[in-house]
Amino acid sequence: MSGSARYLVLAGGLSHERDVSLRSGRRVLDALRSDGAEVDLRDADAGLLAALTGAPADGPGGTLTSGGDGRPYDAVLVALHGGAGEDGALREVLDIAGVPHVGAGPAACRIAWDKPTAKALVLRAGLSTPPSVVLPHAAFRELGAGAVLDRLVTHLGLPLMVKPARGGSALGCSTVDKPDDLPAAMVSCFSYGQAALVEKLVSGTEVAVTVVDTGDGPRALPPVEIVPLSGVYDYGARYTAGATEFFVPARLDDAAADAVAGAAVAAHTALGLRDLSRVDAIVEDDGTVQLLEVNTAPGMTETSLLPMAVDAAGLSFGRLLRTLLEQAAARG
Amino acid sequence: MPPRPTSGVRLDAFTDRYAQRTHAMTASEIRALFAVASRPEVVSLAGGMPNLSALPLDAVGKLMGELVQTRGAQALQYGSGQGDPHLRELICEVMALEGIEASSEDVVVTVGSQQALDLVTRVFVDPGDVVLAEAPSYVGALSTFSAYQAEVVHVAMDEQGLVPEALRETLAAVQAAGKRAKFLYTVPNFHNPAGTTLVEQRRDEVLAICQRAGLMVLEDNPYGLLGFDGPPTPAIRARGGQDDVLYLGSFSKTFAPGLRVGWVLAPHAVREKLVLAAEAAVLCPPTFNQLAVAEYLSTQDWQGQVRAFTAMYRERRDALLDALRQQMPAGASWTHPTGGFYVWVTLPSGLDAKVLLPRAVTARVAFVPGTAFFADGTGNAHLRLSYCYPEPDRIREGVRRLATVLQEEVELRNTFGQTRARTSAPQASSPAPDLA
C-alpha cells in the first residue's frame, strides 16, 4: 500500500454507545495521524455511502473532520459501538459497497454481537462460559414473572448477572445478590433490549484479552486485569479516569495467563473473527477461564482496555491500526 | 510477556489530590445517552436551547461589525469588573418592565446568570450550609450548590408555584435540626423545569415568610419576559424586597445565549462583594459581548423580537400540550405553562423516567429525567419536556414516540410489578447545554 492511501474511521452512530464511540473515534484518529496516516473521521449517517466514494460531505453530522476531497477511501475502521456498528449491518453495507474494512465480516459480527449465540459457539469449541438463561420480556409476561424468576434463581443460584442479550459498555447490566432485586434488574435490562441474558455470576480475576492478527495468525496481547474501585465494572467505572485500577499484564500465574490467552484466541477463531477482537473473561481461583463475551468493535477510548494491551505488548497503537487498515485494503 | 506489575495503573495521576467535591464527577450512562439526542434523527424534547431562527442575524452581524469598526479599541479591551455602565443602565430599563426600580450602581454584569449563581453561592455559602430550593429546581443551580458543598433542602410546589405553607414547614424543620438556611433559590416565572408560575398573591407571602426568617431570596428570572398571556407578573424584587432579594437576569432567552451576558441586582453591600468575587473569577465580563448587547437594546426593536420569540414558543407549547392530551397513557399528568420553555410530566404510577430513557432513545425521542432536578436523587416519577427548539410537527412526532415508549414501559411494569428506584446525582441526569 502506498503512502497516499486514505482511510476512514467511522464513529458515532445512533446506538446507546454513541458517546463512547465518538471518544474511540477521536482517539483512533489521533493515533493514526500520529503514525502519518491520511485519515478522516465520520459519523455513520445517511451521507455515508456517498462519502465512501470520496464525495464531499453534505448531510448533517457528516464528517467529524474536514474530509471528503473527492478520492475514495482505501479502507474503513469501524469504531462504532453497539447497534449497526457491531451487529453486522454496517459491515454488510461496507461489503456491498465494496469498501474494505478492518475486523470481522458481517456474519461473524452478528454471531459475536448476540451473546447467547456466541456463548453457545464457544461452548461447542470446548471453552467454558458461565451457565445462563436467555428470556425475552414476552416470556415473563405470558408465563408470569414471579414464577419464572423463582425458577431462574433455583436453576442458576445466586448471585446473578443480568445483561441485555445484545449490547455493550455494561449498559442495562446489574448484579443481583438477592431475589428481591431481580425484578428491578430485569426492568433495567429490558430498557436496553428485547431479550435478557441472566448469567451465573462467577468470581475471580476479571480480565480482557485483545486478540490481533496482522497476517501471521491470531495472537493474544497481554491480558489486562480490571479492578474497579466500586467493586463493579459498570459504566462509571469504565469511563471515569481513575475509577478503576488496571494491572497489565494481569496478576495471573503462568498457567492461568497461558490458559486465558489460549481461550481468547480459540474464541476469536471459533466465532470466525478477523484482524482484532477483545475477549472478556473471568479467571476463577482454580484457573478455570470463564468467557463472558467477545467484542468485534472494542472500545478505544482513553480508558479502554485494548489500547492498554497494545501498549503493554510494546506496540504502537497507531502503527498497529494502520497495519490492520493496510491489511484490509490489500484484502480488498 | 512483560513482567507482571505489583501495582496497578489508574489512568489518572491525580486521583488522590482532587478536592472532596470532585469525587462525584463521574461518567454517567444517562448523560451519555444525550449524545444520541443531538442527532437530527432524534426528536429531542430534552435540551433547553432557545430557538434563534427568528433572530435577525443580518442586523446583528451589521451591528457587531460596526462595533468593531467604530469602537473596537474599547470593545476588545478589558472592562470594568462590575460591567459596562451603559449596559447596566439599559439592564435597569429591562428590569423596569417587571416592576423593578433599581440603580445601575447595584447591578453586576455576569457571564450569563449562571455565573451570578456561582458568585452569590461563593459569597454566601460555606460547606454544609442549607440552601432552600423548589422541588424540582433548575439543574444548573443544583450543580453550583453542590460545587460549594451546600445542603439543598427542597420545598414543595404545585401548579401555582412554590407552596408558602411548605416553605414555612421546611424552614421550621431546618431550624429544628439546628441548621441555618442561607437563602431561598426560586424561579418564579415559567419555572425550569416545572413550567409553573408563582401566582401574584403568593409572591408577597413568600417574601414575607423569608423576611421574617431572615432568609434572603435568590430570585432567578431568565424567562420572565417570555409570557404568552399578557404583561409579566411583577417580580418578587419589585414587591418591597430590595434589601432581601438578590435578582438574577439574563439575555440568553431574550437575545442570544452564546453571548453569555447576564446580571445580578443586589443590595449595595452585597454588590461590592460580588464585584470582588467576579474579578477574582473572570477579571471582567466579556467587553465585546456587553457592548453588543447594549447596542442591540439601543438600536433594535428588541421587545418586538421578544414578541416574535414568544409567538413561536406559544405555537410550540400548544403543539406539545395538544399532543400530550391526545397521546399520553392513562395515569400521566403534566403542567400547563403560560410562558417559557418547559412542561413537567408526572408519569403513570410505578414508571421510572431514568429507566425509560434508553428505551426512548431507541425510539428516537429524548427528554430529561426528573432526577436531574432534585438534589436528593428523587424525581424518578417525572420528566421534563422542552418545546422551545423543535418545530411543531416534530414535537407531535416526538410525543407520539414517547407515548409508545410509555405504553411499553407500563406493560413491563405490569409484568414485573413495582421495583425500587435508583438514585443519582442531578448533573449526571442532564444534558450539556449545547445538546438540544
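The written sequence of each chain sets the order in which its residues are numbered from 1. By the order in which they are written, chains take letters starting at A while ligands take numbers starting at 1. In keeping with the model being predicted, local features are shown solely for residues with a pLDDT of at least 70 and side-chain atom pairs are shown and tallied solely at 80 or more, while totals for entire chains, interfaces and linings include all residues.

A. Structural context of the overall build of chain B. Each helix is a run of DSSP H or I of at least 4 residues and each strand a run of E of at least 2, with the numbering of both proceeding from the N terminus. For chain B, the helix and strand inventory stands at 12 helices and 14 strands. Relative to a compact globule of 436 residues, whose C-alpha radius of gyration would be 22 Å, chain B shows 22 Å and is just as compact. In terms of its C-alpha atoms, chain B occupies a principal-axis envelope of roughly 65 × 60 × 55 Å. Residues are called buried when their C-beta atom has 20 or more other C-beta atoms within 10 Å, exposed when it has 12 or fewer, and partly exposed otherwise; all C-beta atoms are positioned from the backbone. Here chain B, with 436 residues, has 50% of them falling under the buried criterion. Within chain B, counting contacts between residues at least 6 apart in sequence, those at least 24 apart form 77% of the total. Note that the radius of gyration is over C-alpha atoms, with the globule rule given as 2.2 Å times the number of residues to the power 0.38. The contact criterion used here is simple: two residues whose C-beta atoms, placed from the backbone, lie within 7 Å are in contact.

B. Structural context of the sheet that holds strand β4 (residues 132–136) of chain A. Residues and elements named next belong to chain A. By this definition, two strands are paired if DSSP reports at least two bridges between them. Taken in spatial order, the four strands of this open sheet run β4-β7-β5-β6, and their pairing is antiparallel. The two strands at the open ends of the sheet, each matched to only one other strand, are β4 and β6 (174–176). Each strand axis lies, on average, 25° off the axis of its neighbour in the sheet, ignoring direction. For helices, the fitted axis covers only the stretch in contact; all axes are lines through C-alpha atoms, and the angles between them, taken along N-to-C directions, range from 0 to 180 degrees. Across the sheet, helix α8 (residues 182–190) touches β5 (160–164), β6 and β7 (195–200), and the angle it forms with β5 is around 20°.

C. Representation of the pairing of β7(A). All names here are of chain A. With five bridges joining them, β4 and β7 adopt antiparallel strand pairing. Its bridge partner being in β7, L135 is matched across the sheet by A196. Looking at chain direction, β5 and β7 are connected through five bridges and run antiparallel. Bridging from a neighbouring strand, P164 pairs with A196 of β7.

D. Up close: the confidence of the model for chain B. Values of pLDDT, ranging from 0 to 100, describe the predictor's confidence in every residue of the model. Across chain B, the average pLDDT comes to 94, with 97% of residues at 70 or higher. Reported confidence for the predicted complex is 0.89 by ipTM and 0.93 by pTM.

E. Focus on the sheet that holds strand β10 (residues 333–334) of chain B. Residue and element names in this part refer to chain B. Reading across from one edge, β10-β11-β14-β13 is the order of the four strands in this open sheet, with antiparallel pairing throughout. Sheet topology places β10 and β13 (368–369) at the edges, where each strand pairs with a single neighbour. Sheet topology note: the β10/strand β11 (residues 342–346) ladder contains two bridges and is antiparallel. Paired with W334 across the strands is V345, a residue of β11.

F. Quick look at helix α5 (residues 115–124) of chain A. All names here are of chain A. The set of residues buried in α5 consists of K115, A118, K119 and V122. Buried residues along α5 cover an arc of 100° about the axis, so they all sit on one side. One or two positions beyond α5, positive phi appears at G126, with a value near 90°. The directions considered for the arc are those from the helix axis to the C-beta atoms.

G. View of the domain arrangement of chain B. Residues and elements named next belong to chain B. Segment limits for the domains were obtained from an automatic or database-derived domain assignment. Parsing chain B into structural domains produces domain 1 (26–54 + 304–429) and domain 2 (58–299). The straight-line distance from the C-alpha centre of domain 1 to that of domain 2 is 26 Å. In this complex, domain 1 contributes 28 residues to the contact, which on the side of domain 2 involves 28 residues. Counting only elements with at least two residues in the side of domain 1 that touches domain 2, the list comes to α10 (302–327) and β11. Per element, the largest residue contribution to the side of domain 1 that touches domain 2 is six residues, and it comes from α10.

H. Region of interest: the packing of helix α11 (residues 353–362) of chain B against helix α12 (residues 392–416) of chain B. Residues and elements named next belong to chain B. The contact between α11 and α12 brings their axes to 10 Å, and the two run at 130°. Relative to α12, the element α11 is oriented oblique. Regarding α11 and α12, the two cross each other, and that crossing is right-handed. Note on element contacts: α12 touches α11 through L402, V405, E408 and E409, opposite L356, R359 and A360. A class-by-class count of the residues in the contact of α11 with α12 yields four nonpolar, no polar and three charged. Between 65 and 115 degrees an angle is taken as roughly perpendicular, under 35 as roughly parallel, over 145 as roughly antiparallel, and anywhere else as oblique. Each crossing gets its hand from how the near helix is turned against the far one by less than a right angle, where anticlockwise is left-handed and clockwise is right-handed. Each residue receives one of three labels: charged for Asp, Glu, Lys and Arg, nonpolar for Ala, Val, Leu, Ile, Met, Phe, Trp, Tyr, Cys and Pro, and polar for the others, Gly being one of them.

I. Here's a closer look at unusual backbone geometry. All names here are of chain B. In this structure, the amide linkage connecting A135 to the following residue, P136, adopts the cis form with an omega of 5°. For P136, the location among the structural elements is in the loop between β3 (130–135) and α5 (139–147). Residue P193 is reached from N192 by a cis peptide bond, and omega for that bond is 15°. Inspection of the secondary structure assignment puts P193 in the loop between β6 (181–186) and α7 (200–213). The phi dihedral of L11 falls on the positive side, at around 65°, and the residue is not glycine. On the secondary structure map, L11 appears in the segment before α1 (29–37).

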